[in-house]
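# Secondary and tertiary structure notes
Okay, here's what each chain looks like letter by letter:
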Amino acid sequence: MDPEIATLAGTAGTTLVTLLATDAWQSIRDGIAGLWQRVRPERAPAVLDELESSREELLRARDTGDRETEAEVRAEWQGRIRRLLAAHPELVEELRTLLADNAPDAPAAPQVTQHATASGNARIYQAGRDMRLEQS
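A brief report on the enclosed structure follows. (Residues numbered from 1 in each chain as written. Predicted model: local features only at pLDDT ≥ 70, side-chain atom pairs only at ≥ 80, totals over all residues. Heavy atoms only, no water.)

## Quick word on helix α5 (residues 92–102)
Keep this limit in mind: Relative accessibility decides the category of a residue: with a 1.4 Å probe and only protein chains considered, values under 20% of the type maximum give buried, values over 50% give exposed, and everything between is partly exposed. To qualify as a helix, a DSSP run of H or I must reach at least 4 residues; to qualify as a strand, a run of E must reach at least 2; elements of each kind are numbered from the N terminus. The arc in question is the one spanned by the directions pointing from the helix axis to the C-beta atoms. What makes two residues a contact is simply this: any of their non-hydrogen atoms within 4.5 Å.
Of all the positions in α5, only V92, L95, L98, L99 and N102 are classed as buried. The buried residues of α5 occupy an angular sector of 125° when projected down its axis, which confines them to one face. Summarising the geometry of α5, the exposed residues directed more than 90 degrees from the buried face are A100 and D101. The secondary structure elements touched by the buried residues of α5 are α1 (3–20), α2 (25–39) and α4 (67–87).

Listed below in structure tokens is the structure:
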């Protein structure tokens, strides 16, 4: 088993379970089912149903403080996603994009705006990040 696929599947399972209990669950549900739709379209409707069932099970578990069930749901989806990626590694980048677009802790992209005005012999140096100057 490719360790990269195993790690990505672990991240995906954790993100999926986290998002199933939030307002973003429909987006992650549709995205995960879409992976199956691309390579096993006959399986996609069942995956949607299984995601719905997992969500209901997860919400009940959280209501009662049942951490074991939450961990089991997470492990179940990690395994399913790992097996899907092992059989279809071409889905790796699509899954990464899906996770990046839906990750609950993804930092917002910084907006950098720079303005400068120079006159005379003035010099202006601007950088959105690191800058190295060599003057002779």
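## With respect to the packing of aromatic side chains
Where we set the bar: Aromatic rings from Phe, Tyr and Trp, taking only the six-membered ring of Trp, are treated as a pair when their centres fall within 6.5 Å; an angle between ring planes under 30 degrees marks them as stacked, one over 60 as edge-to-face, and anything in between as tilted.
Counted according to the given criterion, the structure contains one aromatic pair. Look at W36 and W77: their rings are 6.3 Å apart centre to centre, the planes differ by 85°, and that puts the pair in the edge-to-face class. Highlighted residues: W36 in helix α2 and W77 in helix α4, separated in sequence by 41 residues. Overall, the relative accessible area of 6% leaves W36 in the buried class.

## Quick look at the environment of L48
On the secondary structure map, L48 appears in helix α3 (residues 44–64). Overall, the relative accessible area of 31% leaves L48 in the partly exposed class. Sequence-wise, L48 and A33 are 15 residues apart; in three dimensions their C-alpha atoms are separated by 5.8 Å. Setting aside anything within four residues of it in sequence, one finds L48 in contact with R29, D30 and A33.

## Details of the nonpolar core
What counts here: Note on terminology: a nonpolar core comprises buried Ala, Val, Leu, Ile, Met, Phe, Trp, Tyr and Cys residues joined through side-chain atoms within 4.5 Å.
Among the nonpolar cores identified, the biggest contains 27 residues, and L16, I32, W36, W77, I81, L85 and L95 are the most heavily contacted of them. When contributions to this core are tallied by element, the ones reaching two or more residues are α1, α2, α3, α4 and α5. The element that contributes the greatest number of residues to this core is α1, accounting for eight residues. Setting aside residues up to four positions removed in sequence, L95 forms contacts with L8, A12, I32, L35, I81 and L85.

## A look at a nonpolar patch on the surface
Note the threshold: Residues enter patches when their relative accessible area tops 30% and they take part in no salt bridge; the joining distance is 9 Å for like charges and 5 Å for the nonpolar side chains Val, Leu, Ile, Met, Phe, Trp and Tyr. Per-residue and other accessible areas were derived by the Shrake-Rupley procedure at a 1.4 Å probe size, with only the shown protein chains allowed to occlude residues. Salt bridge, as used here, is a side-chain nitrogen of Lys or Arg placed within 4 Å of a carboxyl oxygen of Asp or Glu.
Among the surface-exposed residues, Y125, M131 and L133 lie close enough to one another that they form a single nonpolar patch of about 280 Å² accessible area. Position of L133 among the secondary structure elements: in the segment after α5.

## As for the pattern of salt bridges
Here the structure, examined in full by the defined rule, presents 11 salt bridges. Across the salt bridge formed by R38 and E94, the nearest N and O atoms sit 2.2 Å from each other. With R38 in helix α2 and E94 in helix α5, this pair connects stretches of sequence that are 56 residues apart. Here R80 makes a salt bridge to E76, at a shortest N to O gap of 2.6 Å.

## Describing the packing of α2 against α5
Stated precisely, the cut-off is as follows: Angles here are taken between N-to-C directions and fall from 0 to 180 degrees, while the axes themselves are lines fitted to C-alpha atoms, restricted in helices to the stretch in contact. For classification purposes, an angle smaller than 35 degrees is called roughly parallel, one larger than 145 roughly antiparallel, one from 65 to 115 roughly perpendicular, and anything else oblique.
The contact between α2 and α5 brings their axes to 10 Å, and the two run at 175°. If you check the angle between α2 and α5, you find them roughly antiparallel. Here S27, I28, G31, I32, L35 and R38 of α2 come into contact with α5, specifically with E94, L95, L98 and N102.

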